[in-house]
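So you can see what is in the structure, the chains are spelled out below.
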Amino acid sequence: MAKISITGIVLLLCIFAAADAECLRYKDEEQPINIRIKDLMSRMSLPEKIGQMVQLDRSAVSPDIMRDYGIGSVLSGGGSVPKVEATPQEWIQMVNDFQKGSLSSRLGIPMIYGIDAVHGHNNAYKATIFPHNIGLGATRDPDLIKRIGAATAAEVRATGIHYAFAPCIAVCRDPRWGRCYESYSEDPSIVREMTEIISGLQGDAPRKGVPFVGGRNKVAACAKHFVGDGGTTNGINENNTLIDYHTLLSIHMPGYMTAVIKGVSTVMVSYSSWNGRKMHANHDLVTALLKKVLRFRGFVISDWEGIDRITSPPHSNYTNSVLQGISAGIDMVMVPHHYTEFINILMNLVLNKSIPMNRIDDAVRRILRVKFTMGLFEDPLADQSFVDELGSQEHRELAREAVRKSLVLLKNGKNSKTPLLPLPKKTGRILVAGSHADNLGYQCGGWTISWQGLSGNNLTTGTTIWNAISSTVDSSTKLVFCENPDADFAKANDFDYAIVVVGEHPYAETQGDNLNLTLPEPGPEVIDNVCGNVKCVVVIISGRPLVIEPYVSKMDAIVAAWFPGSEGQGVADVLFGDYGFTGKLSRTWFKSVDQLPMNVGDANYDPLFSFGFGLTTEPAK
């Protein structure tokens, strides 16, 4: 007797099905994805299609709204959580409640839940917080970045979430930009190498250029922000990038080309403009270049209220903004609150033929392709299979490795014959000073638990640099911590050496824009008071190079530690010689802000420390 395949049985059932019992081919996982998409779209009404194009913040949604409007996606904005210190189980319960609302809709189309997991699953309490991208760029280690992507995906899945708004593949050309730490490098070739994080987040795509998410321990990734956001005038966030087309392609586009080849599922559009034209309204780049020339097959998503800002002031002419944004090629709109207004406007624009139906179908087809690829139709509900992945010891060890490899040694000793590092673990007295030595929030930076980041040691779990030093030195060594010592204190206590940890306070996006880039107080004062009286190594915690030339001669050793994240032990590992320094600057360290923007290859290149600079040390014997 001939064997009949499952697909054959389904087809036979379709043939013989009663008229009132439709054969839902889109629910048959044996069918090719394109067939499933075509079948589902043939059943969708216009309101159901538009609902798929909407992404709402969790604070504005309910299971009933998911059902009644057929909402395609939900997100947690920075700090938008089920409750303070929510457990993975509480995250899962929230996500599943929304998902059950989606599944109870007429066609039962699952939603996709997104979150800004930009240096680990940074919104979630007790998650592993990895170094920010500027530090990861200093590692020059794509395999490490891929492993970080895989660990981040597992921790995101631990909370039932399917979609990470990462990686940021901006090429920051001016450190005055408040998002510069989200950029791997000023060099597009390094940014391209670091897109290996996409393979970690999603899995290795079996076919180039096809969106791919390889299992329940992986998430959909998002390359952002398309395109040119790192090149705005004076580094002002959401501002205008004034460059010709060739420069746009050669500097800011290579990361996207590689991301598309790796099968990235989504691309997020930038708030910024290119030569005066808002990216959210730029059909030539979003549709003609990204979708047609690069053949991107995933979906394009707006940034938070991104289409609102097409017209000025924001939301002042919302109908025109919706018309321009959707016509440009945006498929999913991060509304994230005024969804009924958006839906009604888009519905009217389609009905009066201002937006053609094939534009809506293109958007929905792309969104459904990602959902089918992820297996959401087969496994829409999250379970507790991965809850132990959140903040696991394995991931913390990986983050500690990343910290070690990201540190850049800028100076080591007053001269080459008297290096200070590595430091001896067994000595008499060590002074540890500075506002950032024992502050986990400062150490992690922005996009940590809250959008702008926090101060203090109770925001999540981790190891401060002070605690790391304490656990590393010999038990006979006397450690003294004084956050802001005066010169007399430093001089009078006969310290063998001092470790000074200073830097920037947390920030994100526009709040981080900074036209002077001076070392924040009391950093300079601490350096003066301590390094003028004690041999010292200064560890700089920052999201970018800062003005330090006035203090260089006072410091015996200088370490750029960026925003290292939750595992401060990685800093102590290298300071005390368990591992050597290997990191190389992923961007130019300028002398004065008057030189900016200044990047490697510029005609008048005269930095304090060149791109690629980084002293090395051998592990202590």
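The rules we used
Residues numbered from 1 in each chain as written. Predicted model: local features only at pLDDT ≥ 70, side-chain atom pairs only at ≥ 80, totals over all residues. Heavy atoms only, no water. Phe/Tyr/Trp six-rings, centres within 6.5 Å; stacked < 30°, edge-to-face > 60°. Helix = DSSP H or I, 4+ residues; strand = E, 2+ residues; numbered from the N terminus. Buried < 20%, exposed > 50% of the residue type's maximum accessible area, 1.4 Å probe, protein only. Lys NZ or Arg CZ within 6 Å of the ring centre and 35° of its normal. Disulfide = S-S within 2.5 Å. Contact = heavy atoms within 4.5 Å. Salt bridge = Lys/Arg side-chain N within 4 Å of Asp/Glu carboxyl O.

### Comments concerning the packing of aromatic side chains
Within a pair of aromatic rings, the relevant descriptors are the distance that separates the centres and the angle that separates the planes. Inspection of every chain in the model, using the stated rule, returns 14 aromatic pairs. Taking the centre distance of 6.3 Å and the plane angle of 80° together, the rings of tyrosine 26 and phenylalanine 377 count as edge-to-face. Taken together, the residues span a long stretch of sequence, with tyrosine 26 in the loop between helix H1 (6-16) and helix H2 (33-43) and phenylalanine 377 in the loop between helix H15 (357-374) and helix H16 (393-406) at a distance of 351 residues. When sorted by exposure, tyrosine 26 lands in the same class as phenylalanine 377, which is buried. Ring centres of tryptophan 562 and tryptophan 589 lie 6.0 Å apart, and the angle between their planes is 45°; on these two criteria the pair is classed as tilted. One end of the pair, tryptophan 562, is in the loop between strand E17 (557-560) and helix H21 (569-575); the other, tryptophan 589, is in the segment after H21, with 27 residues separating them in the sequence. Take tryptophan 589: its relative accessible area is 0%, and that puts it in the buried class. An aromatic cluster is defined as three or more aromatic residues linked by ring pairs; in this entry it consists of Tyr26, Phe372 and Phe377. The ring of tyrosine 271 is capped by arginine 309, whose NZ or CZ atom sits 4.0 Å from the centre of that ring. Positioned over the ring face of tyrosine 579 is arginine 404, at 3.8 Å from the centre of the ring.

### What about the state of the cysteines?
Across all of its chains, the model carries two disulfides by this definition. A disulfide bridge connects cysteine 172 with cysteine 180, and the sulfur atoms are separated by 2.3 Å. Across the S-S bond of cysteine 172 and cysteine 180 the torsion is about -105°, and the bridge reads as left-handed. Taking the relative accessible area as the measure of exposure, cysteine 172 reaches 0% and is therefore buried. Covalent S-S linkage joins cysteine 531 and cysteine 536, the inter-sulfur distance amounting to 2.0 Å. Linking cysteine 531 and cysteine 536, the disulfide has an S-S dihedral of approximately 110° and is accordingly described as right-handed. Each member of the pair, cysteine 531 together with cysteine 536, is buried. Free of any disulfide, cysteine 168 has its nearest neighbouring cysteine sulfur in cysteine 172, separated by 9.3 Å. Here cysteine 444 stays free of any disulfide, with the sulfur of cysteine 168 as its closest cysteine sulfur at 18 Å.

### Some points on the environment of asparagine 34
Residue position: asparagine 34 is located in helix H2. A sequence separation of 587 residues divides asparagine 34 from lysine 621, and the C-alpha atoms of the two residues are 61 Å apart. If we skip the residues at most four places from it in the chain, asparagine 34 touches Arg297 and Arg369.

### What about the pattern of salt bridges?
For the coordinates displayed, the defined rule picks out 35 salt bridges. For lysine 425, the salt bridge is made with aspartate 578, and the minimal N-O distance between the two is 2.7 Å. Of the two residues, lysine 425 is situated in the loop between strand E12 (408-412) and strand E13 (429-433) and aspartate 578 in the segment after H21; the sequence distance between them amounts to 153 residues. Since its relative accessible area comes to 28%, lysine 425 is described here as partly exposed. Members of the salt-bridge network, linked through shared partners, are Asp141, Asp143, Arg147, Glu401 and Lys405.

Honestly, it's all geometry; don't read function into it.
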